[in-house]
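# Residue-level structure breakdown
As a plain string of letters, each chain reads:
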Amino acid sequence: MLDAVVFDFDETLVDYRHGDSAAIDGVVGMLARPIDAGALLRKSQEAIRALYDSGLSLGSDIHRLRLKISLEHFGVAWDEAYLREYLRIYCREARPFPHVVAALEAISGKVKLGLLTNSMDSTEQRARIAASGLGRFFDRICLASELGCFKPEKEAFLAVLGQLNARPGTAAFVGDSEEHDIVGARRVGMKAIKRRTDASASTADYTFSDYRELEGILGRLGAFGSALAGPERRRSGPAEYLG
């Protein structure tokens, strides 16, 4: 029996790369001396990975630092206007992948739904969740930066499950990252479902590439058994952000 499903956000539910690329394009459009947008995007992706791997608690400054590092690499002097333009676009461009809304509508009310995102930037990530229109589906929304622990640490998964009043053995996690989502979820005893983006091997219990497959996977895991076949569970209010 499965009574709770927790989702990752970026590259699981929404197209992070689209929003990031659009925001970088906006910054490039401001520059007096043009540089290749693709090259800047690649450098900024390299920079943000290094900043996350550093273990530093940077909060919203992560965007300023990654852009500053990347632009200065191309000989561009820093200006706070670049950050404002990046965030203006980045916070509004949170486009759900095809069929995500229909999939969430199909399972909403049948199982408890949680969201667990590893983002450092709480303010910007909340804005992006709101822009995506997906927040209405979730009983609990947890940001790792507010919890004080990040996936794949077991404490992050247990925190959102605690807020959902769910146990690992009756919960599933849906994510795209093998290291942070799949390995972390399995380590605490959750079923792991991976949104597949390539042909690499996975330790997930199930994988999918099209959200029209998700309801069937959850059904095979027992999400819609007889215990959940009665009247739909109603939420008392909008999802809460909990840290």
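As a reminder, the structure under discussion sits directly above these lines.
Since this is a predicted model, take the numbers as computed values, not measurements. (Residues numbered from 1 in each chain as written. Predicted model: local features only at pLDDT ≥ 70, side-chain atom pairs only at ≥ 80, totals over all residues. Heavy atoms only, no water.)

## Concerning the pairing of strand S1 (residues 4-7)
Just so we agree on the cut-off: Between buried and exposed lies partly exposed: a residue is buried under 20% and exposed over 50% of the maximum accessible area for its type, with that area taken using a 1.4 Å probe on protein chains only. Secondary structure counts use DSSP, requiring at least four H or I residues in a row for a helix and at least two E residues in a row for a strand, with both numbered from the N terminus. At least two bridges found by DSSP between two strands are what make those strands a pair.
Here S1 shows two buried faces, one formed by Ala4 and Val6 and the other by Val5 and Phe7. Bridge count for S1 against strand S2 (residues 112-117) is four bridges, and the pairing is parallel. The residue bridging Val5 from the neighbouring strand is Leu113, located in S2. One ladder, built from four bridges, connects S1 with strand S4 (residues 171-175); its direction is parallel. When the sheet's bridge partners are listed, Ala4 is paired in S4 with Ala171.

## Let's talk about helix H2 (residues 37-53)
What counts is decided by this rule: To estimate how far a helix should reach, multiply one less than its number of residues by 1.5 Å. When checking whether two residues touch, look at their non-hydrogen atoms; a contact exists if any pair is within 4.5 Å. Two N or O atoms count as a polar contact when they lie within 3.5 Å, although within protein this holds only if one can serve as hydrogen donor and the other as acceptor, and sequence-adjacent residues are included solely when both atoms are side-chain atoms.
Its 17 residues give H2 an end-to-end C-alpha distance of 24 Å, which sits within 8% of 24 Å, the value for a rise of 1.5 Å per residue. Of all the residues in H2, the buried ones are Ala39, Leu40, Leu41, Lys43, Ser44, Ala47, Ile48 and Leu51. Elements in contact with the buried residues of H2: helix H1 (16-28) and helix H3 (61-73). The backbone nitrogen of Gly38 lies 3.2 Å from a side-chain oxygen of the residue at the head of H2, namely Asp36.

## Considering the side chain of Ser119
Here Ser119 shows up in the loop between S2 and helix H6 (122-132). On the basis of relative accessible area, Ser119 is assigned to the buried category, the value being 6%. The residues touching Ser119, leaving out its near neighbours within four places in the chain, are Tyr52, Gln125, Ser145 and Phe150.

## A short note on the packing of H1 against H2
Working note: a packed helix pair is described by the angle between its axes plus the distance between those axes. This is how the line gets drawn: Every angle, taken between N-to-C directions, lies between 0 and 180 degrees, and every axis is a line fitted to C-alpha atoms, over only the stretch in contact when it is a helix. Here roughly perpendicular refers to angles of 65 to 115 degrees, roughly parallel to angles under 35, roughly antiparallel to angles over 145, and oblique to all remaining angles. Handedness of a crossing is defined here by the sense of rotation of the near helix relative to the far one, left-handed for an anticlockwise turn of less than a right angle and right-handed for a clockwise turn. Gly is put with the polar residues, along with every residue not named as nonpolar or charged; the nonpolar set is Ala, Val, Leu, Ile, Met, Phe, Trp, Tyr, Cys and Pro, and the charged set is Asp, Glu, Lys and Arg.
Taken N-terminus to C-terminus, the directions of H1 and H2 make an angle of 120°; their axes are 10 Å apart at the nearest point. Classified by the angle their axes make, H1 and H2 are oblique. In terms of crossing hand, the pair formed by H1 and H2 is right-handed. For the pair H1 and H2, contact is made by Tyr16, Asp20, Ser21, Ile24, Asp25 and Val28 and by Ala37, Leu40, Leu41, Ser44, Gln45 and Ile48, respectively. Its residues assigned to classes, the contact of H1 with H2 shows seven nonpolar, three polar and two charged.

## Details of the packing of aromatic side chains
Our working definition: In summary, the pairing rule links any two rings of Phe, Tyr or Trp, Trp by its six-membered ring, whose centres are within 6.5 Å, and it sorts them by plane angle into stacked for under 30 degrees, edge-to-face for over 60 and tilted for everything else. Each ring is checked for a lysine NZ or an arginine CZ that lies within 6 Å of its centre and within 35 degrees of its normal; such an atom marks a charge sitting over the ring.
Taken as a whole and assessed by the stated rule, the structure comprises six aromatic pairs. With a centroid separation of 6.1 Å and 70° between ring planes, the pair formed by Trp78 and Tyr82 is classed as edge-to-face. Here a set of aromatic residues connected by ring pairs shows up, and it is made of Tyr16, Tyr86 and Tyr90. Taking NZ or CZ as reference, Lys110 lies 5.5 Å from the ring centre of Phe224, over its face. Seen from the ring of Phe97, Arg195 lies directly overhead, with NZ or CZ sitting 3.7 Å from the centre.

## Focus: unusual backbone geometry
A cis geometry characterises the amide bond from Lys151 onward to Pro152, with omega recorded as 15°. Checked against the element boundaries, Pro152 lands in the loop between helix H7 (144-147) and helix H8 (154-164). Notably, Glu11 is not glycine yet its phi reads approximately 65°, a positive angle. The backbone phi angle of Asn165 is positive, close to 55°, even though this residue is not glycine. Looking at the secondary structure, you find Asn165 in the loop between H8 and S4. Classification of Asn165 as exposed rests on a relative accessible area of 66%.

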